[in-house]
Amino acid sequence: MSDSIEKMLCLIIGSGPAGYSAAIYAARANLSPVLYTGMQPGGQLTITTEVENYPGYPKGVQGPEMMEDLKAQAERFGTDVRYELIAKVDFTGPVHKAWTESGKEIHAETIIIATGASAKWLGLETEEKFMNKGVSACAVCDGFFFRGQEVAVVGGGDTAAEESLYLSKLCPKVHLLVRRDELRASKIMQERVMAAKNIEIHWNTEAQEIIGNGEVEGVRVIQNKTQEESTLEVKGFFVAIGHEPNTDIFKDWLDMDDTNYLITQAGSTKTNRPGVFASGDAQDKIYRQAVTAAGTGCMAALDAERYLTEIGKI
Ligand code: NDP
């Protein structure tokens, strides 16, 4: 075995609430966890605004601040946080192999997957063409660029509601494009959207093409009941239609469902490979909340500790 291979008891992949919660528990159990943050340190909550539903913050908390708190708590107990991506894994043997993007090889007795999920796109050709030129999946990140201008948001869930409300404070008008005749968003978010005077909901409406010369100047939409087409003159086009799990690197090794969410054994975080545990949004398409992700991160660390005890490594 070459000297450049790093051995560890517990590798945590991902830095959202699941990853950091796993790290807090693993570090306090003396597993000396090493956590690789991935491409978006802090995960999805770093691109959200206020989190009002995480227990323990009666006045709410900004997403990025909450993630800093979780990271500080994980580091306090000795978690080694590294700002890099795990690009490849090999789960053939009893010791699990992983490689960082820069090619470093890691041999871990246990791996906790907390890679989360990423925003979905509509798949329009023009969506890609105008990416970062008016097309975005993050109002908090990019809304500022569209101050004083009209924008469109696609989607009918809580994300679309949240993005629309955020943009309604910056923009004179927000067009919310909903493909059905109802919103999927929670009641409280629906009420807030309905109460915002400058959010216009376009029911049964789908985006067909984004138009512009270099930058977004409008979106061609179709009313899917009447087939009537029209163009909305907007400078920003925000896609908020949900997420997909970041599980690509595990597809040759772990069982997944038909939408690529990792499958765990009921009542645990065990995957089909002994010593590999899955937590957070990468394995949860139902609840997908920060608090449920944190809960499964905790479960994964406890499962890892038990596994290491069973195989006599601690
Ligand atoms: P959801 O899956 O809940 O909603 C996706 C929305 O996008 C649906 O309205 C869906 O339409 C629509 N959609 C999907 N594909 C397309 C498409 N191709 N074209 C047009 N519309 C499309 O995802 P969210 O990201 O909104 O929410 C995910 C989870 O996160 C939920 O559990 C939510 O409650 C939670 N969340 C909570 C927040 C909060 O509490 N502050 C904030 C953000 C998210 P249809 O309804 O027709 O399927």
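Relevant structure appears above.
Please read these numbers as outputs of a predicted model, since none were measured by experiment.

Student: Is there a simple way to explain the sheet that holds strand E16 (residues 228-232) in this structure?
Tutor: By definition, the strands of a sheet pair up through backbone hydrogen bonds, in either a parallel or an antiparallel sense. Reading across from one edge, E14-E15-E16 is the order of the three strands in this open sheet, with antiparallel pairing throughout. The sheet is open, and its two edges are formed by strand E14 (205-213) and E16, each paired on a single side. On average, each strand axis in the sheet is inclined to that of its neighbour by 25°, with strand direction left out of account. As paired elements, E14 and strand E15 (residues 215-223) share eight bridges and run antiparallel to each other. For threonine 205, the partnering residue across the bridge sits in E15 and is glutamine 223.

Student: Sorry, what's going on with the packing of aromatic side chains here?
Tutor: Note on aromatic pairs: each is described by the distance of the centres and the angle between the planes. Applying the stated criterion across every chain, the model contains five aromatic pairs. Ring geometry for phenylalanine 91 against tryptophan 253: centres 6.4 Å apart, planes inclined by 55°, an arrangement best described as tilted. Separated by 162 residues along the polypeptide, phenylalanine 91 in the loop between strand E6 (86-90) and strand E7 (96-100) and tryptophan 253 in the loop between strand E18 (243-245) and strand E19 (276-278) bring together distant segments of the chain. Tryptophan 253 matches phenylalanine 91 in its accessibility class, with the two residues each being buried. A ring pair is formed by phenylalanine 277 and tyrosine 307, whose centres lie 6.1 Å apart and whose planes are at 75°; its orientation type is edge-to-face.

Student: Mind showing me how you'd approach a negative patch on the surface here?
Tutor: On the surface, Glu150, Glu215, Glu217 and Glu233 cluster together into a negatively charged patch. As for its position among the elements, glutamate 233 is in the loop between E16 and strand E17 (236-239).

Student: Explain the pattern of salt bridges to me, please; I cannot follow it from the model alone.
Tutor: Two side chains bearing opposite charge may form a pair once their charged atoms approach each other closely. In total, this model carries 12 salt bridges according to the counting rule given. One salt bridge connects glutamate 75 with lysine 71, and the closest N-O pair in it is separated by 3.5 Å. Of the two residues, glutamate 75 and lysine 71 both sit in helix H2 (residues 63-76), four residues apart, roughly one turn of that helix. The exposure class assigned to lysine 71 is buried, which follows from its relative accessible area of 12%. With a closest N to O distance of 3.3 Å, glutamate 191 and lysine 187 form a salt bridge. Residue glutamate 191 and its partner lysine 187 are both found in helix H6 (residues 187-195); the two are separated by four residues, about one turn of the helix. Take glutamate 191: its relative accessible area is 46%, and that puts it in the partly exposed class. Three or more residues are tied together by salt bridges with common partners; here these are Glu6, Asp80, Arg82 and Lys104.

Student: What is the right way to look at the nonpolar core in this model?
Tutor: Soluble globular proteins: nonpolar side chains tend toward being buried together. In terms of nonpolar packing, the biggest core is built from 27 residues, with Ile12, Tyr20, Met66 and Ile112 touching the most fellow members. Looking at this core, the elements with two or more residues in it are strand E1 (6-13), helix H1 (17-28), H2 and helix H7 (290-310). Filtering out sequence-adjacent residues up to four positions away, isoleucine 12 remains in contact with Gly19, Ala22, Ala23, Pro33, Val34, Leu35, Tyr36 and Ile112.

Conventions we followed
- Residues numbered from 1 in each chain as written.
- Predicted model: local features only at pLDDT ≥ 70, side-chain atom pairs only at ≥ 80, totals over all residues.
- Heavy atoms only, no water.
- Pairing = 2+ DSSP bridges.
- Helix = DSSP H or I, 4+ residues; strand = E, 2+ residues; numbered from the N terminus.
- Axes fitted to C-alpha atoms, helices over the stretch in contact; angles between N-to-C directions.
- Phe/Tyr/Trp six-rings, centres within 6.5 Å; stacked < 30°, edge-to-face > 60°.
- Buried < 20%, exposed > 50% of the residue type's maximum accessible area, 1.4 Å probe, protein only.
- Patch = residues over 30% accessible without salt bridge, like charges linked within 9 Å, V, L, I, M, F, W, Y side chains within 5 Å.
- Areas by Shrake-Rupley, 256 points an atom, 1.4 Å probe, with all protein chains shown as cover.
- Salt bridge = Lys/Arg side-chain N within 4 Å of Asp/Glu carboxyl O.
- Lys, Arg positive; Asp, Glu negative; His and termini not counted.
- Charge placed at Lys NZ, Arg CZ, Asp CG, Glu CD.
- Core = buried A, V, L, I, M, F, W, Y, C linked by side-chain atoms within 4.5 Å.
- Contact = heavy atoms within 4.5 Å.

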